[in-house]
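# Structural overview
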Amino acid sequence: MCAAYGYHILTTIAGLVLSIYIVSKAGYRSRRVHKGLPLPPGPPGLPLIGNIHQFLGKSIASVLEQWKEEYGPIIYIHLFGTPVIIIGSSHVAKELLEGRAQIYSGRPNFILASEAMQDNMMLSFIAPNERHRRLRKLVDAQLRPSAVTEYFHPVQEVEVHRLVNSLIEDPIGWKSHIAKALASIIMTTTYDRAIKSGKDAEQVVKNVFRLNNELGLAVESGKSVVDFLPWLRHIPFAPYKAFSRSYLNFAENTYKSLMDEAKANLEAGNPARGIAARLLRNPEEQEASYREQYWGLGSFFLAGSDTQSISSEILFMALATHPHVLKKCQAEVDLVVGPDRLPTFDDEPSMPYIRATIREAFRWRPVGPTVIPHATTEDDEYIGYYIPKGSMVLPNLFSMHMDPEIFDDPETFNPQRYIDNPSLPCHTFGFGRRICPGRRMAEATFFLKLATVAWGVDIEKQKDSSGKEMDIDTDRGQGFTLGTFLKPKPFSISITSRSAERAKLLAAVVDDEGL
Ligand code: HEM
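First things first, this report covers the structure right here in the doc.

Conventions we followed
Residues numbered from 1 in each chain as written. Predicted model: local features only at pLDDT ≥ 70, side-chain atom pairs only at ≥ 80, totals over all residues. Heavy atoms only, no water. Helix = DSSP H or I, 4+ residues; strand = E, 2+ residues; numbered from the N terminus. Buried < 20%, exposed > 50% of the residue type's maximum accessible area, 1.4 Å probe, protein only. Polar contact = N/O pair within 3.5 Å; in protein donor to acceptor, adjacent residues only side chain to side chain. Contact = heavy atoms within 4.5 Å. Near = heavy atom within 4 Å. Core = buried A, V, L, I, M, F, W, Y, C linked by side-chain atoms within 4.5 Å. Expected span 1.5 Å × (residues − 1). Arc of directions from axis to C-beta. Donors = N, O, S within 2.8 Å, 3.2 Å for Na, K, Ca; no water. Pairing = 2+ DSSP bridges. Axes fitted to C-alpha atoms, helices over the stretch in contact; angles between N-to-C directions.

## Here's the deal with the side chain of Arg 363
Its place among the elements puts Arg 363 in helix α16 (residues 352–364). The exposure class of Arg 363 is buried, given its relative accessible area of 0%. A polar contact of 3.3 Å, which involves the side chain of Arg 363, links it to the backbone oxygen of Thr 412. Those residues in contact with Arg 363 that lie beyond four places of it in its chain are His 401, Met 402, Phe 407, Pro 410, Thr 412, Arg 417, Tyr 418, Cys 426 and Thr 428.

## Comments concerning the site of the ligand
Around the ligand there are 27 residues in total, and Arg 107, Arg 136, His 374, Phe 431 and Cys 436 lie nearest to it. In this structure, an oxygen atom belonging to the ligand sits 2.7 Å away from a side-chain N or O atom of His 374. At the level of secondary structure, the elements contributing two or more residues to the shell around the ligand comprise α6 (130–142), α13 (290–304), α14 (306–321) and α19 (439–456). Examining the composition of the shell around the ligand, we find that 4 residues originate from one element, α13, more than from any other.

## Some points on the nonpolar core
The biggest cluster of nonpolar side chains holds 136 residues, and the ones touching the most others in it are Tyr 255, Leu 297, Phe 316, Ile 354, Ile 459 and Ile 493. Beyond its immediate stretch of four places on either side in the chain, Ile 459 contacts Phe 316, Leu 319, Ala 320, Leu 326, Val 453, Ile 493, Ser 494 and Ile 495.

## Quick notes on α6
Taking 1.5 Å as the rise per residue, α6 with 13 residues should run 18 Å; its terminal C-alpha atoms sit 19 Å apart, in good agreement. Along α6, the positions that sit buried rather than exposed are His 132, Leu 135, Arg 136, Leu 138, Val 139 and Gln 142. The arc that holds every buried residue of α6, seen down its axis, measures 160 degrees, which confines them to one face. On its buried side, α6 packs onto α7 (145–169), α12 (275–281) and α13. Two to three positions downstream of the cap, the backbone nitrogen of Arg 131 sits 3.2 Å from a side-chain oxygen, assigning the N-cap of α6 to Asn 129.

## Notes on the coordination of the iron atom of the ligand
There is one protein donor for the iron atom of the ligand, namely Cys 436 (SG), at 2.3 Å. Within the secondary structure, Cys 436 sits in the loop between α18 (416–420) and α19.

## Quick notes on the pairing of strand β4 (residues 82–87)
Counting buried positions over the 6 residues of β4 gives 6, a clear majority of the element. Connecting strand β3 (residues 74–79) to the antiparallel partner β4 that follows it, the hairpin turn spans 2 residues, and Phe 80 within it adopts a positive phi of roughly 55 degrees. Across 4 bridges, β4 lies against strand β8 (residues 392–395) in parallel orientation. In the sheet register, Val 84 faces β8, and the bridge partner there is Met 392.

## Some remarks on the sheet that holds β4
The strand order across the open sheet formed by 4 strands is β3-β4-β8-β5, and the pairing between neighbours is mixed. What marks the edges here is a single partner per strand, and that holds for β3 and β5 (374–375). Most of the contacts of helix α2 (residues 60–71) go to β3, to which it runs at about 125 degrees, and overall it touches β3, β4 and β8. The strands that helix α3 (residues 90–98) touches are β3, β4, β5 and β8; relative to β4, the one it contacts most, it runs at about 130 degrees.

Here it is as structure tokens:
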């Protein structure tokens with residue numbers, strides 16, 4: 001990790017020096033006017049580097065929020081001459097990212113994160129080209145609503161039961177139980193490979209962490225100079241190359257060996273219902289090559305694990321700090337389910353408050369406050385402004401989700417707002433043609449998880465040795481770190497079973513379901 005970061009810094013410094021030389025030769029782009037149209041407003045930048053220095057040492061999200069206050073919901077800046085459009089309102093996001101999806105569904109030129117580190121194989125990072133079409137088709141087909149119900153629900157039920165049982169048996173380890181359960185859902189539904197032992201879980205969670213974390217370093221806006229100065233890739237010993245080669249080998253081996261294992265399992269005649277097995281059983285129906293298939297499934301592993309476990313930590317934080325919300329969830333579950341059975345997916349339509357609580361947690365502290373940047377594939381004009389082709393488009397979810405004109409008292413965690421007005425927006429899963437294809441699967445897991453948690457346990461702030469409640473800082477600046485994801489800083493909670501009878505019933509179900 002440290003070595004990877006070191007390479008990254010070296011790459012950045014080398015890039016900066018070279019960029020100043022090249023850009024000074026070429027002349028930097030000033031605030032352009034095209035066919036008489038101005039660019040959107042924005043903070044003035046410096047010659048050559050643009051606005052990059054304004055992010056140094058600050059959280060990107062807080063800088064963007066401050067700019068929204070000053071310049072409004074659509075802002076223009078540039079980073080080394082690459083135009084960047086920042087969107088700070090739901091209305092503008094819907095008009096552009098959804099209404100004009102044919103122009104706004106590109107991805108920036110992620111030379112480090114996509115080309116060098118992933119050989120342009122990872123769905124989330126590639127431009128809307130033929131490969132993207134094949135991979136998105138494969139992923140959408142496997143995550144369609146009927147597949148989620150048929151293949152995912154049985155696995156989600158078993159894993160959620162095991163999770164809540166582990167929370168009762170070992171409350172201190174709550175975070176690792178969550179990470180393990182969510183990784184296991186992905187591994188079982190994708191590769192028929194449930195995580196059984198603690199050691200197995202540790203290895204999978206470690207792999208996911210490495211894949212996400214190193215990629216995060218490369219994606220954070222403005223950190224990868226080669227993305228803004230593509231000619232740097234022609235320098236033979238550019239230091240980022242060693243780092244990216246090592247990442248690519250690791251990712252390729254991880255995704256390929258998971259698929260190869262699923263293939264061997266199938267060939268051995270073992271029962272297999274996972275996505276890999278479904279693809280492998282019907283090779284003639286697949287447009288995507290074998291390599292594309294294992295990278296396509298790798299996108300579940302990469303995009304579906306940390307996003308869900310960090311969002312779960314946020315949900316638990318919200319429950320521990322808003323006891324009246326947990327009480328209302330418990331009252332709803334008790335009314336619909338009662339004490340003598342566990343919640344099921346069939347209960348979902350009768351549990352609007354549970355659904356609203358999940359949506360509110362996604363709104364309140366979105367795990368990716370700038371989602372994955374989009375890019376424009378054509379020049380465009382919007383409300384009298386010129387939007388250049390090739391702009392990076394950065395949705396600023398904090399400004400959208402905390403807009404006082406849309407949300408009453410937006411900083412307050414209040415699920416009731418989605419009951420009173422179900423059409424209130426929540427953009428945590430992104431936009432338009434690039435919207436998260438795993439959202440239905442994630443929402444299903446979150447429904448059953450919260451319903452079963454509310455059925456089975458109480459979550460409260462932890463008390464210290466003198467019996468005083470320990471503070472949990474929920475402030476999105478102070479209480480969180482923002483790297484690849486918005487992640488709560490460590491906090492302690494107390495988890496206890498609601499009654500001995502419920503704990504016994506749950507343990508018996510887990511026992512029945514086996515490992
Ligand atoms: C709480 C859970 C999750 C959150 C908050 C989340 C959020 C996101 C966001 C914000 C994007 C980018 C959208 C955009 O560019 O507009 C995305 C893309 C993606 N997500 Fe998720 N995600 C979650 C779970 C999952 C799961 C469970 C899977 C798969 C099983 C998944 C697979 C993907 C893939 C493959 C993409 C790339 C789509 C593309 O670029 O065309 N995600 N996700």
